[in-house]
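# Coordinates in review
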Amino acid sequence: MSSFDFLLFSLSRAFCAPIAVFFQIQGCLICLILALGWACAAYVRNREIKQMKDCMKMGNSFSFLCHDINELEHSYQVNLPRVTVIMPLKGFGEHNLHNWRSQITSLYGGPIEFLFVVESTDDPAYHAVSRLIEEFEDDVEAKVVVAGLSTTCSQKIHNQLVGVETMHKDSKYVLFLDDDVRLHPGSIGALTREMEKNPEIFIQTGYPLDLPSGSLGSYCIYEYHMPCSMGFATGGKTFFLWGGCMMMHADDFRQDRYGVVSGLKDGGYSDDMTLAAISGAHKRLITSPPVAVFPHPLASDLNFGRYWNYLRKQTFVLESYTTSVNWVMNRALFTTHCYLSWGFVAPYLMAMIHVAAALRFYSKEFSPEEMTYTSGGLSLVTFLAICTLVELLSMWNLTRIEVQLCNMLSPEAPQLSLASYNWCLVFIAMLVDNFLYPVSAFRSHFSQSINWSGIRYYLKDGKISKIERTPRSKDMGPVFTDLGGKHLYGKKGMPTRGSFLSSLSRSLAQWHQPKKFDN
């Protein structure tokens, strides 16, 4: 027996030890729990589909707008509350124009205004959205607001708060949307309807349905979002909040109830994490209606480096906090997520050893005693393969149902399809994303700084303590945003071709740089 064979069989035997078997079974259980969560989410989304079909059978061909056709009567529409839609913009990409059109062409029947908020007129989004508003100036109440530079919080939060200051004095609700959200015609009406039914709702939210562009990076982002999607498919109360879609009471901002304005303005980095923490501290209600799922096409040139930058921003969120309780919850989430991520990947690494040992055994003649360990490992591999198949089928089913729901909610739009999804890449993305999440999380924890759309933020005690904007010529940050591939600067350049390894190398190099906190 060669030394390689000896090492291979030794590892296979070691992975049949009780502690190793525990981790492999744990990985199988993680697969089954995810499958169950996605099955429950699919049930909630599918229930909405059936309800819409029942309404159509009863003669309501506008069920994609509302289930009760009487709500389309003029007497009902004239009493709808005023809504202000605020969209903080940064850069301009291939899907932005389509997304903005879907937002301003909403079929909400009440008074509504759209505020597109940019940092400055130098932003490529400024001219693009200005031309769009000119196109619809006779039909839509919309304008561009120049917010200026943020000094105490993230640029996105600064743009949102400037939008709040600019909104109409009679607005009852304010809806914050990311510029990569593709709305359905009835989305604003559905969110407003729920707010009117239950005044106790603090925030209404939704979640994106990622449409991968074909690259591994885009599938990693799809896989990253999928576990969270089950928390938004409750059909009602949830503890999750997505900053891409948040409807709130306008008076909460006017009167700074629960400290929403001060909490965001005073060193706020993440709008959704800050508001979720405020909601939890004051025991306020967050809900997510079943129709609040939005198509989210990912950039066609989304490479692995941009995925890594996006993952860094997501894990960096856990380093921001508003209270000591919020800090404890973030640490718990940090620890749990890292443990489960590597706990998910480890069984597949062990399975590779078991399979390699079995193949080696059958290709050469060895004593039968050694087969006991290999066959035991193969039993674990078989169980893991079955659990993985169940998990992928459940993910496929939820995606299928959400695609169908989106098609029904936007009957005039080009129909989405599952045909473009590559499920082999989905499986690979599951392993890659879960392996890299702890790496990114630890990187964020020790660096306490992040480059977000060309701006570097430094945290201290959970809040932004310093903001650096390097001149373009000296800037080592990205020219494109991560998901939408948006140009951040006025001049379009060639798409970045930096690999994930080069991006990771730059991150590791920055890791060793001294912290730059103000004393």
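Sequence positions are assigned chain by chain, starting from 1 and proceeding in written order. In keeping with the model being predicted, local features are shown solely for residues with a pLDDT of at least 70 and side-chain atom pairs are shown and tallied solely at 80 or more, while totals for entire chains, interfaces and linings include all residues. Heavy atoms from the whole structure form the basis of all side-chain values; hydrogens and water molecules are not counted.

Moving on to the overall build of the protein chain. We count a stretch as a helix when DSSP gives it H or I for four or more residues in a row; a strand needs E for two or more, and each element gets its number in order from the N terminus. Across its full length, the protein chain carries 16 helices and twelve strands. For the protein chain, the proportion of its 519 residues judged to be buried stands at 55%. Whether two residues are in contact is decided by their heavy atoms, any of which lying within 4.5 Å being enough. Sequence separation of at least 24 residues holds for 81% of the intrachain contacts in the protein chain that already meet a minimum separation of 6. Throughout, exposure labels follow a simple rule: accessible area from a 1.4 Å probe, protein chains only, divided by the maximum for the residue type, with under 20% read as buried, over 50% as exposed, and the rest as partly exposed.

The next subject is the UniProt feature "transmembrane region" (unreviewed entry) in the protein chain. UniProt's entry tags residues 20-44, 339-357, 377-398 and 418-437 with the feature "transmembrane region" (unreviewed entry), counted in the numbering of this structure. As a span, residues 20-44 carries 100% helix and 0% strand, and end to end its C-alpha atoms are 37 Å apart. End-to-end, the C-alpha atoms of residues 418-437 are 27 Å apart, and along that stretch the chain is 75% helix and 0% strand. UniProt positions are given in the numbering used here, feature names are shortened, and annotations may be inferred rather than shown by experiment.

Take the pattern of salt bridges next. Side-chain pairs of opposite charge can arise where the charged atoms are in close proximity. Within this document, salt bridges are pairs made up of a side-chain nitrogen of Lys or Arg and a carboxyl oxygen of Asp or Glu, the two lying within 4 Å of each other. Inspection of the entire model under this criterion finds 16 salt bridges. Salt-bridge contacts for Glu402 lead to Arg45; the nearest nitrogen and oxygen are separated by 3.3 Å. Of this pair, Glu402 sits in helix H14 (residues 371-409) while Arg45 sits in helix H2 (residues 18-57), placing them 357 residues apart in sequence. The exposure class of Arg45 is buried, given its relative accessible area of 0%.

Every buried residue belonging to helix H4 (residues 96-104) is among Asn96, Asn99, Trp100, Ser102, Gln103 and Ile104, and all of these are buried. Those residues of H4 that are buried lie in contact with strand S1 (83-88), strand S2 (112-118), helix H5 (124-135), strand S4 (173-177) and helix H7 (187-197).

Another point: the sheet that holds strand S10 (residues 449-452). Strand pairing requires that DSSP identify at least two bridges connecting the strands. In space, the three strands of this open sheet follow the order S10-S11-S12, with antiparallel pairing throughout. Every interior strand has two partners, whereas the edge strands, S10 and strand S12 (463-468), have only one. Each strand of the sheet is rotated relative to its neighbour by a mean of 30 degrees, with strand direction disregarded. Relative to strand S11 (residues 455-460), S10 runs antiparallel, the two sharing four bridges. What sits directly across from Asn451, in S11, is Arg456. Lines fitted to C-alpha atoms define the axes here, with helix axes fitted over just the stretch in contact, and angles between the N-to-C directions of these axes take values from 0 to 180 degrees.

What follows is about the packing of aromatic side chains. In summary, the pairing rule links any two rings of Phe, Tyr or Trp, Trp by its six-membered ring, whose centres are within 6.5 Å, and it sorts them by plane angle into stacked for under 30 degrees, edge-to-face for over 60 and tilted for everything else. Under the definition given, this model contains 23 aromatic pairs. With a centroid separation of 6.4 Å and 25 degrees between ring planes, the pair formed by Tyr224 and Tyr437 is classed as stacked. Here Tyr224, found in helix H8 (residues 216-232), pairs with Tyr437, found in helix H15 (residues 423-447); they are 213 residues apart in sequence, far enough to count as distant. Both residues of the pair, Tyr224 and Tyr437, belong to the buried class. Each ring, one from Phe232 and one from Phe240, has its centre 5.8 Å from the other, and the planes form 50 degrees; the classification is tilted. For Phe232, a relative accessible area of 3% translates into the label buried. Taking the relative accessible area as the measure of exposure, Phe240 reaches 40% and is therefore partly exposed. Three or more aromatic residues link up through ring pairs in this structure, and these residues are Tyr207, Phe232, Phe240 and Trp242. Two thresholds decide whether a charge sits over a ring: the Lys NZ or Arg CZ must be within 6 Å of the ring centre and within 35 degrees of the ring normal. Note that Arg331 overlies the ring of Phe334, its terminal NZ or CZ placed 4.9 Å from the centroid.

What follows is about the packing of H8 against H15. Two quantities define a packed helix pair, namely the angle between the helix axes and the distance between the axes. Interaxial distance between H8 and H15 falls to 8 Å at its minimum, and their mutual angle equals 70 degrees. Judged on the interaxial angle alone, H15 and H8 are roughly perpendicular. Touching Leu216, Tyr219, Cys220, Tyr222, Glu223 and Tyr224 of H8 are Trp423, Leu425, Val426, Ile428, Ala429, Met430, Val432, Asp433, Asn434 and Tyr437, all from H15. Residues were grouped as follows: Ala, Val, Leu, Ile, Met, Phe, Trp, Tyr, Cys and Pro as nonpolar; Asp, Glu, Lys and Arg as charged; and all remaining residues, including Gly, as polar. A class-by-class count of the residues in the contact of H8 with H15 yields 13 nonpolar, one polar and two charged. By definition in this entry, angles of less than 35 degrees are roughly parallel, angles greater than 145 are roughly antiparallel, angles of 65 to 115 are roughly perpendicular, and the rest are oblique.

Given a helix with a known number of residues, its expected span is that number minus one, times 1.5 Å. Here H8 spans 25 Å end to end across 17 residues, near enough to the 24 Å set by a 1.5 Å rise per residue. Across the chain, bend at a residue is computed as the angle between axes fitted to the seven residues ending at that point and the seven starting from it. Of all the bends in H8, the greatest reaches close to 35 degrees and is centred on Met226; the proline Pro227 follows between one and four positions later. For H8, the tally of buried residues reaches 13 of 17 residues, placing the bulk of the element in the interior.

Once that is clear, we can look at unusual backbone geometry. One non-glycine residue with positive phi stands out, namely Asp256, at about 50 degrees. Mapped onto the fold, Asp256 is located in the loop between helix H9 (250-254) and helix H10 (260-265).

Take the pairing of S1 next. Judged by how many residues are buried, S1 sits mostly within the fold: six of six residues are covered. Side chains of S1 alternate between two faces, with Val83, Val85 and Met87 and Thr84, Ile86 and Pro88 buried alike. The sheet contact formed by S1 and S2 spans six bridges and is parallel. Residue Met87 lies in a different strand from S2, and its bridge partner there is Phe116. The parallel pair S1 and S2, bridged by H4, forms a crossover whose chirality is right-handed. The path from the first strand over the helix to the second decides the hand: if it runs clockwise while the strands point away from the viewer, the crossover is right-handed.

Residue position: Ile455 is located in strand S11. Using a relative accessible area of 4% as the deciding quantity, one classes Ile455 as buried. Here the alpha-carbon distance between Ile455 and Ser154, two residues 301 residues apart in the chain, equals 8.9 Å.

What follows is about the sheet that holds S1. A sheet is described by the order of its strands in space; here seven strands give the open sequence S3-S2-S1-S4-S7-S5-S8, paired in mixed fashion. Unpaired on one side and paired on the other, strand S3 (142-146) and strand S8 (285-287) mark the two borders of the sheet. Adjacent strand axes in the sheet meet at a mean angle of 20 degrees, parallel and antiparallel pairs treated alike. Examined bridge by bridge, strand S5 (residues 201-205) and strand S7 (residues 245-249) share three bridges and lie antiparallel to one another. For Ile203, the partnering residue across the bridge sits in S7 and is Met248. Its contacts with the sheet place helix H6 (residues 155-166) against S1, S2, S3, S4 and S7, and it is angled at close to 150 degrees to S1.

Remark: H4 packs on H5, axes separated minimally by 11 Å, with the N-to-C direction vectors making an angle of 40 degrees. Between H4 and H5, the angle is such that the two are oblique. H5 is crossed by H4, and the crossing has right-handed handedness. Facing Leu97, Trp100, Arg101 and Ile104 of H4, the residues of H5 in contact are Ala125, Ala128, Val129, Leu132 and Glu135. For the contact of H4 with H5, the residue count by class is seven nonpolar, no polar and two charged. Handedness of a crossing follows from how the near helix is turned relative to the far one, being left-handed for an anticlockwise turn of less than a right angle and right-handed for a clockwise one.

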